[in-house]
There are 2 protein chains.
Amino acid sequence: MKPLSSKHSSNANNKFVLDERLIIDTYFITNLSLCSILLMNDARYPWIIAVPRRNKIKEIYELKSRDQLLLLREINLVAEIIKSKFESDKINIGAMGNIVPQLHIHIVGRKENDPAWPAPVWGFGAPLTYEKKNATEIIINLINELQTSP
Amino acid sequence: MKPLSSKHSSNANNKFVLDERLIIDTYFITNLSLCSILLMNDARYPWIIAVPRRNKIKEIYELKSRDQLLLLREINLVAEIIKSKFESDKINIGAMGNIVPQLHIHIVGRKENDPAWPAPVWGFGAPLTYEKKNATEIIINLINELQTSP
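What you are looking at is a predicted structure, and each value in this text was computed from that prediction instead of being measured.

Draft legend 1. Quick peek at the relation of the copies chain B and chain A. Superposition of chain B onto chain A requires a rotation of 180° combined with a translation of 0.0 Å along the rotation axis, giving an RMSD of 0.0 Å. The transformation just described matches what one would write down for a two-fold rotation axis. Every residue of chain B has its C-alpha some distance from the rotation axis, and the shortest such distance is that of Gly94 of chain B, at 2.1 Å. An overlap of 100% is found between the interface residues of chain B and their copies at the interface of chain A, pointing to a shared contact surface.

This is how it looks when you write it as structure tokens:
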């Protein structure tokens, strides 16, 4: 078996490949029309990452107009599901990419009693990784929600 | 003269009123079709805040579809101007609202040698406030850019 770094840096036929750091830090949930939807491996908050499956895009404005509309729709869909299913007090949305340049959008459900509140979650303490079975339960629920939404 | 808190809490006729905390922390730049555009009073980074002039909206998905499209367009416009005029390496976009509930979107130009890089700017150190004349110069330039953009 080839090492990860070799496996993920080969992209000769322009196929979209998730950034390796995103693969390491998340569980895969599902693919929507534009974005791969990932669960951040941090049980402190319901924290989803949406990654448009387009190569060489670092900023939202670099996406084609049609893709921007899809991105908006998919962010909203995820945000509303998080808000409703996790009874979040507030949704935090962020597109930074200072460390992982591949365009990805954080969608995080916040509660007024969560560890970082009211600070942003980014850079706050160390992740509390999921037990695999707990992550799986959340993932299965989210797949159902995402597939039954209009 | 009435105290600030009284002045800004009176909103009987449903007129849009900027959150007082945003007024305190920023300089006003201009109004676009949907958003008031503000300059964060922190000279460490080119940091713009876009505030949709709609009452009682806390999440992007609560905006009407037409307003969501305007918001996307205005965020992109500001992001591209920052990227170009301040030669930013990366644009950071964030919608949190954990402290100020009125929907507002941060659009921040980042450089690889700025004080917080690669961490997000939120909660990083204390603001370095502008000298009024320096803020004014940036504001005049941004007004020109925003008004001449398609």
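Draft legend 2. Spatial organisation of the sheet that holds strand β2 (residues 35-40) of chain B. Pairing is antiparallel in the open sheet, where 10 strands are placed in the order β1(A)-β2(A)-β3(A)-β5(A)-β4(A)-β4(B)-β5(B)-β3(B)-β2(B)-β1(B). Unpaired on one side and paired on the other, β1 (26-31) of chain A together with β1 (26-31) of chain B mark the two borders of the sheet. Sheet twist, expressed as the mean angle between neighbouring strand axes with direction ignored, is 20°. Across the sheet, helix α3 (residues 65-85) of chain A is in contact with β2 (35-40), β3 (47-52), β4 (90-95) and β5 (105-110) of chain A; its angle to β5 of chain A comes to roughly 20°.

Draft legend 3. Up close: the pairing of strand β5 (residues 105-110) of chain B. Residue and element names in this part refer to chain B. With six of six residues buried, β5 lies mostly within the body of the structure. Pairing geometry for strand β3 (residues 47-52) and β5, over four bridges, is antiparallel. Looking at β5, one finds that Ala50 is bridged to Ile105. In this structure, strand β4 (residues 90-95) lies alongside β5, joined through five bridges in antiparallel fashion. Looking at β5, one finds that Lys90 is bridged to Arg110.

Draft legend 4. Representation of the nonpolar core in the model. Ile37, Leu39 and Ile107 of chain A together with Ile37, Leu39 and Ile107 of chain B are the most contacted members of the largest nonpolar core, which has 68 residues in total. Setting aside its immediate chain neighbours within four residues, Ile37 of chain A contacts Phe28, Ile29, Thr30, Leu32, Ile48, Ile49, Ala50, Val78 and Leu146 of chain A. In terms of nonpolar packing, the next biggest core, distinct from the first, is built from 30 residues, Val100 and Val108 of chain A together with Met40 and Val100 of chain B among them.

Draft legend 5. Quick peek at the environment of Pro127 of chain A. Residues and elements named next belong to chain A. If you trace the backbone, Pro127 turns up in the loop between β5 and α4 (132-148). Look at Pro127 and you get exposed, because its relative accessible area is 54%. It is 7.3 Å that separates the C-alpha atoms of Pro127 and Asn41, two residues lying 86 residues apart in sequence. The contacts of Pro127, once residues within four sequence positions are left out, are Asn41, Asp42 and Arg44.

Draft legend 6. Representation of unusual backbone geometry within the structure. Residue and element names in this part refer to chain A. Each neighbour pair has its own omega, and for Trp117 with Pro118 the value is 0°, a cis peptide bond. For Pro118, the position within the fold is in the loop between β5 and α4. At Glu87, a position not held by glycine, the phi torsion is positive, near 50°. One can find Glu87 in the loop between α3 and β4. Here Glu87 falls in the exposed class, since its relative accessible area comes to 59%.

Cut-offs used in this document
- Residues numbered from 1 in each chain as written.
- Chains lettered and ligands numbered in written order.
- Predicted model: local features only at pLDDT ≥ 70, side-chain atom pairs only at ≥ 80, totals over all residues.
- Heavy atoms only, no water.
- Least-squares fit on C-alpha atoms with pLDDT ≥ 70 in both.
- Contact = heavy atoms within 4.5 Å.
- Pairing = 2+ DSSP bridges.
- Helix = DSSP H or I, 4+ residues; strand = E, 2+ residues; numbered from the N terminus.
- Axes fitted to C-alpha atoms, helices over the stretch in contact; angles between N-to-C directions.
- Buried < 20%, exposed > 50% of the residue type's maximum accessible area, 1.4 Å probe, protein only.
- Core = buried A, V, L, I, M, F, W, Y, C linked by side-chain atoms within 4.5 Å.

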